[in-house]
Amino acid sequence: MATASSLFLGSSPVSTAPRTRTGLAAPSPPSARPSLRLRQRSSPAVAAAVQAEHQPAVAAATKPPALPFRVGHGFDLHRLEPDLPLIIGGINIPHDRGCEAHSDGDVLLHCVVDAILGALGLPDIGQIFPDSDPRWKGADSSVFMREAVKLMHEAGYELGNLDATLILQKPKISPFKETIRSNLCELLGADPSVVNLKAKTHEKVDSLGENRSIAAHTVVLLMRK
């Protein structure tokens, strides 16, 4: 789950935030304060399309037992390519490379969505929102996040806690970490005390360490309301 694009609902296009290989802002110099930009929020029409899209896959899933708590794990990895925006946790991070993906390539939000869906015993994000569907071309991953949270509440659960780990060699995430975590808390509707975000390099090993890819792991605990 890259070029300016739209989600097409029937015959009416709904614009999403553009991903383009041209006109990418240059990375901030080391001495400058990072300039972060929150991605544009999705319209109600896009949210309605998401709900309509996932219903068949969700309906076909076996309903899990109403346990007092459920645990889910999410993982995602994307290739990094020059002249694409790097979006992590809904935030545009200054860098000379970004994620090659069908949607906006937000590796953190994708793996959080998968962790929530996994805890609920539902299909993964790629089954519910397939990359073969042009409606999700360049889509803002906050759409998928809000839908996962909605499914969580509909199933009678709330977030106990979340622990996420970003794995990337560059750029250093420490200047952006609290902004990313704050936006993640907003999307989850969660108190910051239950949302933890860590970042690690890959010690220059394999594609992650060579700055050719970025990955993330997430573990969530859902508690019965």
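Preceding this paragraph is the structure being described.
Residues numbered from 1 in each chain as written. Predicted model: local features only at pLDDT ≥ 70, side-chain atom pairs only at ≥ 80, totals over all residues. Heavy atoms only, no water.

What to know about the sheet that holds strand β9 (residues 195-200)
Taking strand neighbours across the sheet as the criterion, the five strands line up as β7-β4-β10-β8-β9 in an open arrangement whose pairing is mixed. Each having just a single partner strand, β7 (97-99) and β9 make up the two edges of the open sheet. The average undirected angle you get between the axes of adjacent strands in this sheet is 20 degrees. When strand β4 (residues 69-82) meets β7, the two strands line up antiparallel, connected through three bridges. Note that in β7 the partner of P82 across the bridge is R97. Sheet strands touched by helix α4 (residues 142-154): β8 (157-167) and β10 (213-224). Its angle to β8, the strand with the most contacts, is close to 145 degrees. Each of β8 and β9 touches helix α5 (residues 177-188); the most contacted strand, β9, lies at about 140 degrees to it. (Pairing = 2+ DSSP bridges. Helix = DSSP H or I, 4+ residues; strand = E, 2+ residues; numbered from the N terminus. Axes fitted to C-alpha atoms, helices over the stretch in contact; angles between N-to-C directions. Contact = heavy atoms within 4.5 Å.)

What to know about empty space enclosed by the protein
Its boundaries defined by the atoms lining it, the largest cavity holds a volume of some 30 Å³. Around the largest cavity sit V113, L117, I128, F129, F144, E147, A148 and L151, which together line it. At the level of elements, α2 (107-119) and α4 are the ones that each hand at least two residues to the lining of the largest cavity. At four residues, the largest contribution of residues to the lining of the largest cavity is made by α4. Its residues placed into classes, the lining of the largest cavity shows seven nonpolar, no polar and one charged. (1 Å grid on protein atoms, 1.4 Å probe; cavity = no way out; pocket = protein on both sides within 12 Å on 5 of 7 lines; lining within 4 Å. Points joined across faces, edges and corners; volume = space filled by probe spheres on them. Nonpolar A, V, L, I, M, F, W, Y, C, P; charged D, E, K, R; others polar.)

Considerations on a nonpolar patch on the surface
Taken together, the side chains of F69, V71, V219 and M223 make up a nonpolar region of the molecular surface, amounting to roughly 350 Å² of accessible area. At the level of secondary structure, the elements contributing two or more residues to the nonpolar patch comprise β4 and β10. (Patch = residues over 30% accessible without salt bridge, like charges linked within 9 Å, V, L, I, M, F, W, Y side chains within 5 Å. Areas by Shrake-Rupley, 256 points an atom, 1.4 Å probe, with all protein chains shown as cover. Salt bridge = Lys/Arg side-chain N within 4 Å of Asp/Glu carboxyl O.)

Regarding the pairing of β8
A regular strand carries its side chains on alternate faces of the sheet. Where β8 lies against β10, 10 bridges are found, and the strand directions are antiparallel. Looking at the pairing, N161 lines up with L221 of β10. Alignment of β8 against β9, held across six bridges, turns out to be parallel. Bridged to A164 within β9 is L197. Read as a crossover between parallel neighbours, the route from β8 over α5 to β9 is right-handed. (Right-handed = clockwise from strand over helix to strand, strands pointing away.)

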